[in-house]
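Report on the structure
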Amino acid sequence: MSRLLGHVILLGAPGVGKGTQAKLLAEDTGLPHLSTGDMLRASVSSGTEMGRLAKAVMESGALVSDEVILGIVAERLRAEDAQNGVIFDGFPRTVKQAEGLDSLLRDLHGVGIAKVIRISLDADEIVRRLSGRRVCRACGAIYHVLYHPPRQEGICDLCGGQLEQRPDDQPSVIRHRLAVYEAETSPLVDYYRHLPGYAEVDGQGETEQVRERIRLTLGLKE
Ligand code: AP5
C-alpha cells in the first residue's frame, strides 16, 4: 500500500480511461474512488429526486449543475474513509467546481490536493473506446467489447451481473460530451497547470501500460 497522502484528481475527456485507472489506483493506494458520474448513476437507479433530475441531463451529455455536484462531493469528503484523500474521477468538471473544491478543502482543514493527472488521448481512439464500452449494472465494472471483453458475453466476470451500454455512449451524445468537455472542462488544465503536483500522462496503449505511467508519476514505483 502507498504512502500517498492527499487527493488525486484524474482529469481528461470522456473515455480517456479515468474510471478504469481510478479503480486501479484505488487498489494501489487504498484511497477511495470518488466518481461523480457513478454517484449520479446510483441516484438515477435508486429513483431519488436528484436522480430523477439528473437523468435527462446526463442522457443528453450536458453537465449537472455545479451546486448539486458540490453538494454530493462535500458530503462524501466528510466521510471517515476520505480523510487521507480520495481519487477524484470526473470531478471537478468546471472552473466553478474547482474553486468550490478549493474552498471546501480549506473549510475541512484536512489533506489538500496531492496530484492532478491529466490523461490525454486522441479523439478517434476516444470514440472507439466509448462506443465499445459495456458496464456492469450491478457492480459498475468497466469492459470493452474488443479491448477488455468479459469471459462470457454480456456477463460481468466479477459479480455475474448484466453488462449494459450507457445511454450517453450513443455516437451523437458522445460528440456532444466531447464538445462540452472542450468548452467547460478543458479550461481546468490552465487552472491546475501551475501546481507542483500537476502532471500529464499519455492514455494511449494498454490499460496496464497507462497504469504503470500513473504509478511512476505518483512515485508509487521506484
Ligand atoms: P462520467 O461518468 O464522469 O463520464 P465521463 O467523464 O464522460 O467519462 P467516462 O466515464 O465516459 O470515461 P472514462 O474516462 O472514465 O473512461 P473509462 O475508464 O470508462 O459522467 C457522465 C455524466 O454525468 C456527464 O456527462 C454529466 O452529465 C454527469 N456528471 C458527472 N460528473 C459531473 C460533474 N462533476 N459535473 C457535472 N456533471 C457531471 O474507459 C472507456 C472505455 O475504454 C471502457 O470500455 C474501457 O474498458 C476502455 N479502456 C480504458 N482504458 C483503456 C486502454 N488503456 N486501452 C483500451 N481500452 C481502454
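Residues numbered from 1 in each chain as written. Predicted model: local features only at pLDDT ≥ 70, side-chain atom pairs only at ≥ 80, totals over all residues. Heavy atoms only, no water.

**Comments concerning the sheet that holds strand β1 (residues 7–11)**
Here 5 strands make up an open sheet; going across it, the order is β2-β3-β1-β4-β8 and the pairing parallel. One side of each edge strand has no neighbouring strand; the edge strands of this open sheet are β2 (33–35) and β8 (198–202). Neighbour to neighbour, the strand axes of the sheet diverge by 25° on average, direction disregarded. Inspection of the sheet shows β2 paired to strand β3 (residues 87–89) by 3 bridges, in the parallel sense. Bridge pairing in β3 links Leu34 to Phe88. (Pairing = 2+ DSSP bridges. Helix = DSSP H or I, 4+ residues; strand = E, 2+ residues; numbered from the N terminus. Axes fitted to C-alpha atoms, helices over the stretch in contact; angles between N-to-C directions.)

**Here's the deal with the packing of helix α2 (residues 36–46) against helix α3 (residues 49–60)**
In the contact formed by α2 and α3, the axes pass within 7 Å of each other and the chain directions differ by 120°. You can see that α2 and α3 cross each other, and the crossing is left-handed. Contacts between α2 and α3 pair Gly37, Leu40, Arg41, Ser43 and Val44 from the former with Met50, Gly51, Ala54, Lys55 and Met58 from the latter. Tallied by class, the residues present in the contact of α2 with α3 amount to 5 nonpolar, 3 polar and 2 charged. (Left-handed = near helix turned anticlockwise from the far one by under 90°. Contact = heavy atoms within 4.5 Å. Nonpolar A, V, L, I, M, F, W, Y, C, P; charged D, E, K, R; others polar.)

**Some details on the site of the ligand**
Around the ligand sit 34 residues in total, of which Thr20, Thr36, Ala62, Arg133 and Arg177 are the nearest. At 2.8 Å from an oxygen atom of the ligand is found a main-chain nitrogen or oxygen belonging to Gly19. Within the backbone of Thr207, a nitrogen or oxygen atom sits 3.2 Å from a nitrogen atom of the ligand. Contact with the protein chains hides 97% of the accessible area of the ligand, taken as 1,000 Å² for the molecule alone. Looking at the shell around the ligand residue by residue, the class counts come to 14 nonpolar, 11 polar and 9 charged. (Near = heavy atom within 4 Å. Polar contact = N/O pair within 3.5 Å; in protein donor to acceptor, adjacent residues only side chain to side chain. Areas by Shrake-Rupley, 256 points an atom, 1.4 Å probe, with all protein chains shown as cover.)

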